[in-house]
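Per-entry structural report
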Amino acid sequence: MASITGAATRLLTSVKITGSTTTTTRLYFSSFSVSPLKCPKSSPLLSHVFRYQKQSLVRVSSGSFSTVASPKCAASDPDQLKSAREDIKDLLKTKFCHPILVRLGWHDAGTYNKNIKEWPQRGGANGSLRFEIELKHGANAGLVNALKLLQPIKDKYSGVTYADLFQLASATAIEEAGGPKIPMKYGRVDVSGPEQCPEEGRLPDAGPPSPAAHLRDVFYRMGLNDKEIVALSGAHTLGRSRPERSGWGKPETKYTKDGPGAPGGQSWTAQWLKFDNSYFKDIKERRDNDLLVLPTDAVLFEDPSFKEYAEKYAVDQDLFFKDYAEAHASLSNLGAKFDPPQGFSI
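Residues numbered from 1 in each chain as written. Predicted model: local features only at pLDDT ≥ 70, side-chain atom pairs only at ≥ 80, totals over all residues. Heavy atoms only, no water.

Direction vectors running N to C along helix H6 (residues 162-176) and helix H13 (residues 317-333) enclose 170 degrees, while the axes themselves pass 11 Å from each other. With respect to each other, H6 and H13 are oriented roughly antiparallel. Between H6 and H13, the contacting residues are Gln167, Ser170, Ala171 and Ile174 on the first element and Tyr324, His328 and Ser332 on the second. When the residues that make up the contact of H6 with H13 are grouped by side-chain class, the tally is three nonpolar, four polar and no charged. (Axes fitted to C-alpha atoms, helices over the stretch in contact; angles between N-to-C directions. Helix = DSSP H or I, 4+ residues; strand = E, 2+ residues; numbered from the N terminus. Parallel < 35°, antiparallel > 145°, perpendicular 65-115°, else oblique. Contact = heavy atoms within 4.5 Å. Nonpolar A, V, L, I, M, F, W, Y, C, P; charged D, E, K, R; others polar.)

Summary statistics for the protein give a mean pLDDT of 83 and a share of 79% for residues scoring 70 or more. Below pLDDT 50 for its whole length, residues 1-73 participates in 215 contacts with residues either more than four positions away or in separate chains. (pLDDT = per-residue confidence, 0-100.)

This next bit is on the nonpolar core. Of all hydrophobic cores here, the largest spans 76 residues; its most connected members are Ile88, Leu101, Leu150, Phe275, Phe280, Leu300 and Tyr324. The greatest single-element share of this core, amounting to eight residues, is contributed by H6. Discounting residues that sit within four places of it in the chain, Phe275 has contacts with Ile174, Ala177, Gly178, Gly179, Pro180, Gly234, Ala235, Thr237, Leu238, Phe320, Phe321 and Tyr324. Core analysis: the next-biggest nonpolar cluster, separate from the first, contains five residues, Trp119, Val189, Val191 and Cys197 among them. (Core = buried A, V, L, I, M, F, W, Y, C linked by side-chain atoms within 4.5 Å. Buried < 20%, exposed > 50% of the residue type's maximum accessible area, 1.4 Å probe, protein only.)

Here Asp108 shows up in helix H3 (residues 98-109). Distance in space between the C-alpha atoms of Asp108 and Gly123 is 8.2 Å, their sequence separation being 15 residues. Ignoring any residue separated from it by four or fewer positions in sequence, one finds Asp108 in contact with Gly124, Ala125, Asn126, Gly127, Ser128, Leu129, Ala163, Phe166 and Gln167. One polar contact links the side chain of Asp108 to the main-chain amide nitrogen of Gly127, over a distance of 2.8 Å. (Polar contact = N/O pair within 3.5 Å; in protein donor to acceptor, adjacent residues only side chain to side chain.)

What follows deals with unusual backbone geometry. It is generally the case that most residues other than glycine have a negative phi and that most peptide bonds are trans. Cis geometry marks the peptide bond from Gly259 to Pro260, where omega comes out at 5 degrees. Secondary-structure assignment places Pro260 in the loop between helix H9 (243-246) and strand E6 (266-267). Positive phi, normally seen in glycine, also occurs at Phe96, with a value near 55 degrees. If you trace the backbone, Phe96 turns up in the loop between helix H2 (78-95) and H3.

Let's shift gears to the pattern of salt bridges. Under the defined criterion, the tally for this structure stands at 15 salt bridges. Residue Glu132 pairs with Lys136 through a salt bridge whose shortest N-O separation is 3.2 Å. Glu132 gets classed as partly exposed once you look at its relative accessible area, which sits at 23%. Lys181 is the salt-bridge partner of Glu175, the closest N and O atoms lying 3.8 Å from each other. Salt bridges here are not isolated pairs; linked through shared partners, they connect Lys250, Lys254, Asp288 and Asp290. (Salt bridge = Lys/Arg side-chain N within 4 Å of Asp/Glu carboxyl O.)

For the rest of this paragraph, the subject is H2. Under the 1.5 Å per step criterion, the end-to-end length of H2 is 25 Å for 18 residues, consistent within 8% with the ideal 26 Å. Of the positions making up H2, those classed as buried are Gln80, Leu81, Ala84, Arg85, Asp87, Ile88, Leu91, Leu92 and Lys95. Just downstream of H2, Phe96 is the residue with a positive phi angle, here 55 degrees. (Expected span 1.5 Å × (residues − 1).)

Turning our eyes to something else, we now look at the packing of aromatic side chains. For the coordinates displayed, the defined rule picks out 11 aromatic pairs. Judged by centre distance (5.1 Å) and plane angle (80 degrees), the ring pair of Tyr279 and Phe280 falls under edge-to-face. By relative accessible area, Tyr279 is classed as buried at 0%. Here a set of aromatic residues connected by ring pairs shows up, and it is made of Trp106, Phe275, Tyr279, Phe280, Tyr313, Phe320, Phe321 and Tyr324. Here Lys154 stacks its cationic end above the ring of Tyr162, 4.9 Å away from the centre of that ring. Sitting over the face of the ring of Phe306, Arg216 holds its NZ or CZ atom 4.2 Å from the ring centroid. (Phe/Tyr/Trp six-rings, centres within 6.5 Å; stacked < 30°, edge-to-face > 60°. Lys NZ or Arg CZ within 6 Å of the ring centre and 35° of its normal.)

Secondary-structure assignment places Gly223 in the loop between helix H7 (211-221) and helix H8 (226-233). With relative accessibility at 47%, the residue Gly223 sits in the partly exposed group. Setting aside residues no more than four positions away along its own chain, Gly223 makes contact with Lys114 and Glu228.

Packing of H2 against helix H5 (residues 143-156) leaves a shortest axis separation of 11 Å and a crossing angle of 155 degrees. As summarised for this structure, H2 and H5 are arranged roughly antiparallel, according to the angle between their axes. Crossing geometry of H2 relative to H5 is assigned as right-handed. Where H2 abuts H5, its residues Ala84, Asp87, Ile88, Leu91 and Lys95 lie against Leu149, Leu150, Ile153 and Lys156. Within the contact of H2 with H5, the residues separate by chemical class into six nonpolar, no polar and three charged. (Left-handed = near helix turned anticlockwise from the far one by under 90°.)

The first and last C-alpha atoms of H13 sit 24 Å apart over 17 residues, in line with the 24 Å expected at 1.5 Å per residue. By the burial criterion, the buried members of H13 are Phe320, Phe321, Asp323, Tyr324, Ala325, Ala327, His328, Ala329, Leu331 and Ser332. Just downstream of H13 lies Gly335, where phi reads positive at about 75 degrees.

For the rest of this paragraph, the subject is the environment of Asp87. Mapped onto the elements of the fold, Asp87 is located in helix H2. Relative accessible area serves as the criterion here: at 19%, Asp87 is assigned to the buried category. Along the sequence, Asp87 and Pro152 sit 65 residues apart, while their C-alpha atoms lie 9.8 Å from each other. Contacts of Asp87, omitting those with residues within four sequence positions, involve Ile153, Lys156 and Tyr157. Among the polar contacts listed, one links the side chain of Asp87 to the side chain of Tyr157, at a separation of 3.0 Å.

Encoded structure:
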């Protein structure tokens with residue numbers, strides 16, 4: 001969704017980490033082996049038997065994306081998920097990667113089509129974004145860097161599915177940036193191979209000819225409504241847009257020239273690593289030329305139905321947090337297949 005609007009969502013901070021700094025660099029990948037996954041005790045499907053499938057995994061080396069045989073467990077281990085969450089918190093404190101982790105979770109879930117019943121053809125939160133074919137979709141530019149940030153955590157906790165890890169990272173990033181507690185559930189099953197990735201074109205665009213109609217086309221297809229569209233748009237309080245990736249935004253502003261992370265880009269808000277309702281206030285006022293307003297942002301105060309919610313969120317942060325938490329949780333569940341079927345909390 002990061003974020004939720006095309007280039008806007010795909011331009012939340014993208015980073016390549018070198019030590020404690022953030023740089024832009026070419027990434028190289030090759031295959032590597034993974035230890036067997038630990039199946040959760042709650043899983044009725046697999047306990048001691050693993051079925052091997054091909055997965056695309058990120059690793060730095062010379063070469064290109066490749067697949068390796070690695071074990072597949074039907075769902076995640078709750079204890080490993082809890083530990084992974086603590087590691088994600090540590091990552092956020094040192095790498096300031098909140099925006100790109102939000103975007104990763106959103107873009108894995110945001111391919112969902114409610115009109116397709118079969119899994120995984122319906123898309124959604126199923127871990128398919130780890131594969132090169134989907135990472136190369138235009139809306140996902142730069143998300144390989146988010147995958148690279150999370151891969152050491154995935155290696156450490158082999159009993160956590162990619163689908164759960166992406167959504168865990170997204171929700172944790174919101175919470176650690178000062179946002180609301182997201183009522184998440186886990187147990188998402190991963191797709192097994194790149195042939196199960198959705199086709200390109202399911203994610204939103206930032207500058208469509210008819211922004212309101214476009215947002216509704218995309219989000220109604222997911223089963224979301226106008227209130228959820230506006231609430232989710234509020235996540236643009238985090239992150240920056242980089243013109244070299246989408247053609248949107250300034251190369252640098254007074255708010256982004258010194259980072260943190262790689263300097264540059266144009267943010268929607270002055271404090272672009274703090275989750276609050278300033279996005280709505282700033283778009284409504286439009287007094288600062290250093291703050292980004294995309295067509296899909298501006299329409300929130302132009303379309304009568306969207307405006308009803310945007311006006312409320314601009315003056316009532318508690319209401320925004322409540323509606324946002326519910327919408328984020330709904331988005332994170334789209335298209336997912338859970339084991340156990342009802343999922344579980346941590």
